[in-house]
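Topology and contacts: notes
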Amino acid sequence: MDFRHLVATPDALTAVACDALLLVVTGDAVDSALAAPLAALLRDAVAQGDLALKSGKALYLHRPAGVKAARLAFAVVANTSAKAFKAGVAQGLGLLKGTGAKHIAVAFAGKGEWLADHAEAVVAAVGDATYVYRHTKPSAPAAGALAKLTIVCGKADAKAVTQGLARGEAIAAGVALARECANRPANHCTPTYLGEQAKKLGKSHGLKVEVLDRKAVEKLGMGSFRSVAQGSAEPLRFIVARYEGAAKTQAPVVLVGKGITFDTGGISIKPAAEMDEMKFDMGGAASVLGTLRAIAELKPKLNLIGIIPSCENMPSSRAVKPGDVVTSMSGQTIEILNTDAEGRLILCDALTYAERFKPAVVVDIATLTGACVVALGYHHSGLFTADDEVAGQMLAASRSALDPCWRMPMDEEYDEGLKSNFADMGNIGGRMGGAITAAMFLRRFTGKYRWAHLDIAGTAWKSGAAKGATGRPVPLLTHFVLAQAK
Ligand code: BES
Ligand code: MN
Ligand code: ZN
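Because the structure is a prediction, the values reported are computed rather than measured.

Some words on the domain arrangement of the protein
- Domain boundaries assigned for the protein yield domain 1 (2-151) and domain 2 (173-484).
- Using only C-alpha atoms to locate each centre, domain 1 and domain 2 end up separated by 38 Å.
- Listed by partner, the interface residues are 12 residues for domain 1 and 10 residues for domain 2.
- Buried area between domain 1 and domain 2, both sides added, is near 960 Å², and the carbon and sulfur share of it is 53%.
- If you sort the residues of domain 1 by the area they bury against domain 2, Tyr 131, Tyr 133 and His 135 come out on top, with a joint share of 52%.
- Linking domain 1 with domain 2 are one salt bridge, by the criterion used here.
- One salt bridge connects Arg 179 with Asp 128, and the closest N-O pair in it is separated by 3.8 Å.
- Between domain 1 and domain 2 we count four residue pairs in polar contact (both at pLDDT 80 or more) in total.
- When contributions to the side of domain 1 that touches domain 2 are tallied by element, the ones reaching two or more residues are helix 2 (82-96) and helix 3 (116-130).
- Here the side of domain 1 that touches domain 2 takes five residues from helix 3, the largest share from any one element.
- Each residue belonging to the side of domain 1 that touches domain 2 can be placed in one class, and the counts come to four nonpolar, three polar and five charged.

Structure (structure tokens):
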């Protein structure tokens, strides 16, 4: 995709050379400067009852009179926020999808100032509209002809648009990488494959990448991670990827992503229904790779480290059993009461490993609990941190990235359930508040640095007819990391 901007007045929109013009109509405030033919078409469509000036409504016109572009789409939005704008652009792209339009120009039909966030939102909408999973389905129909998108803006907005496009493109590439990894079936996307992907990303984007195997992991004393991997014939991988954009002395941001390439539940086996979706249980790992990619393209002056513990969770004669006690890298012992609570078991050792980097802040990202989906549904990721400042930064990033998350409680009282008679802790609490007890478990390994945890069990993928990875929370994480540089 080729993204660019063009400086032009609303009055010059009729002359823009493109295959389709997509005009975002902001409420009823049609810009008086809008070119007469376009204003007339819009007024007429509204008068004839073909377009209601209500958010979500859109209209396609072929060979519009007085307009150079052969196609015109109006999309009505509720307000000029980037969120409403993204929805409008998505709607307009939907109308233009079946057409032959290769080059689309986007502009405001009403009053509206282009901020960087709007340009970023356009790129995100294009990314969503054009991504097609092909790897194991080469017959999948193409998303359409779209190859070029131009944002038409005023001179005063050009700088913001340029910045927004760059950020948007980097994030869209990161989102696409995360979706591509997560969509691949578990017999393709193995821990070994994730390691190779990280290496490949390192080569193409100048990252330092190390991939550790079982021997190295055992030497480090990661008894908890190892115990999850031991039930599978598929070898584990522990991936460390570094982006160095500042002096080595500068404390890095560390992202830790859950990389369970398939979660059967282990001996505490899951029911068969929808178990296929447990190939997405490496969504956290995918989002770490995606964010590394986005950051490596934007080159902010900071250091970023991605850590991915990756393995399968399988039942077998070698698998870890309920009641087994393992020793984590931190030295704390864990009674594994449910082998399906495996995410926390691989993350805890990665969180201990992160200490060696003396991080400025650590964020772990995991498809950790079904309970988080019960609590928040499919819209907000769960945000857990005892640190109000980190919480504020994460929430701000989530808002500006249009990638919502919601802060959950972490009071000491929730730690109660983790008590064990046979180890320093059990790996599960009671059934209630399960997303919170999972976070409380992780917290026991994060005492040495500022930390937040994102439970993306409800947001990393979609089920049903639109089944597929979303690439979330790459936008949130990228905004969060970028903000650490300022
Ligand atoms: N990967 C799952 C969490 C999950 C389940 C994500 C369903 C999305 C949809 C995780 O490893 C898991 O199995 N968690 C258990 C924890 C329980 C045993 C305490 C869960 O949520 O049921
Ligand atoms: Mn599980
Ligand atoms: Zn899992």
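Describing the coordination of the zinc ion (ligand 3)
- Only Lys 258 (NZ), Asp 263 (OD), Asp 281 (OD) and Glu 342 (OE) from the protein reach the zinc ion (ligand 3) as donors, at distances of 2.0 to 2.4 Å.
- In this structure, the zinc ion (ligand 3) is surrounded by six donor atoms whose angles at the metal cover 78 to 174°, and the resulting shape is octahedral.
- The sequence pattern formed by the donor residues of the zinc ion (ligand 3) is K-x4-D-x17-D-x60-E.
- Here the manganese ion (ligand 2) and the zinc ion (ligand 3) are spaced 3.2 Å from one another, each receiving a donor from Asp 263. A residue pair is termed long-range when its members are at least 10 positions apart, and Lys 258 in the loop between strand 9 (253-257) and strand 10 (259-263) and Glu 342 in the loop between strand 13 (333-335) and helix 9 (343-354) qualify at 84 residues.
- Residue classification places Glu 342 among the buried positions, given a relative accessible area of 0%.

Here's the deal with the packing of helix 11 (residues 388-400) against helix 13 (residues 474-484)
- Relative orientation of the contacting elements helix 11 and helix 13 amounts to 125°, with a least axis distance of 8 Å. Taken as axis vectors, helix 11 and helix 13 run oblique relative to one another. Read as a crossing pair, helix 11 and helix 13 show a hand that is right-handed. In this structure, helix 11 uses Gln 393, Met 394, Ala 397, Ser 398 and Ser 400 to contact helix 13, whose residues at the interface are Leu 476, His 479, Phe 480 and Gln 484.

What to know about helix 5 (residues 191-205)
- Between its terminal C-alpha atoms helix 5 stretches 21 Å, which fits the 21 Å expected from 15 residues at 1.5 Å a residue.
- Within the sequence span of helix 5, burial applies to Pro 191, Tyr 193, Leu 194, Gly 195, Gln 197, Ala 198, Leu 201, Gly 202 and His 205.
- Against the buried residues of helix 5 lie helix 4 (158-183), strand 7 (208-212), strand 8 (237-244), strand 10, helix 8 (283-298) and strand 11 (303-313).

With respect to the pattern of salt bridges
- For the structure shown, the criterion picks out 23 salt bridges.
- With a closest N to O distance of 2.5 Å, Glu 120 and Arg 167 form a salt bridge. Here the residue Glu 120 occupies a position in helix 3, and Arg 167 occupies one in helix 4, the gap between them amounting to 47 residues. One exposure class covers both Glu 120 and Arg 167, and it is buried.
- Across the salt bridge formed by Glu 389 and Arg 450, the nearest N and O atoms sit 3.2 Å from each other. Of this pair, Glu 389 sits in helix 11 while Arg 450 sits in the loop between helix 12 (434-443) and strand 18 (451-455), placing them 61 residues apart in sequence.

Considerations on the side chain of Ser 227
- Along the chain, Ser 227 turns up in helix 7 (residues 223-229).
- Of the residues examined, Ser 227 reaches a relative accessible area of 2% and is grouped as buried.
- Those residues in contact with Ser 227 that lie beyond four places of it in its chain are Val 320, Val 326 and Ile 336.

Rules and cut-offs
- Residues numbered from 1 in each chain as written.
- Chains lettered and ligands numbered in written order.
- Predicted model: local features only at pLDDT ≥ 70, side-chain atom pairs only at ≥ 80, totals over all residues.
- Heavy atoms only, no water.
- Domains from an automatic or database assignment.
- Contact = heavy atoms within 4.5 Å.
- Buried area = accessible area lost by both parts, 1.4 Å probe.
- Salt bridge = Lys/Arg side-chain N within 4 Å of Asp/Glu carboxyl O.
- Polar contact = N/O pair within 3.5 Å; in protein donor to acceptor, adjacent residues only side chain to side chain.
- Helix = DSSP H or I, 4+ residues; strand = E, 2+ residues; numbered from the N terminus.
- Nonpolar A, V, L, I, M, F, W, Y, C, P; charged D, E, K, R; others polar.
- Donors = N, O, S within 2.8 Å, 3.2 Å for Na, K, Ca; no water.
- Tetrahedral: all angles 85-135°; square planar, octahedral: opposite > 155°, others 65-115°.
- Buried < 20%, exposed > 50% of the residue type's maximum accessible area, 1.4 Å probe, protein only.
- Axes fitted to C-alpha atoms, helices over the stretch in contact; angles between N-to-C directions.
- Parallel < 35°, antiparallel > 145°, perpendicular 65-115°, else oblique.
- Left-handed = near helix turned anticlockwise from the far one by under 90°.
- Expected span 1.5 Å × (residues − 1).

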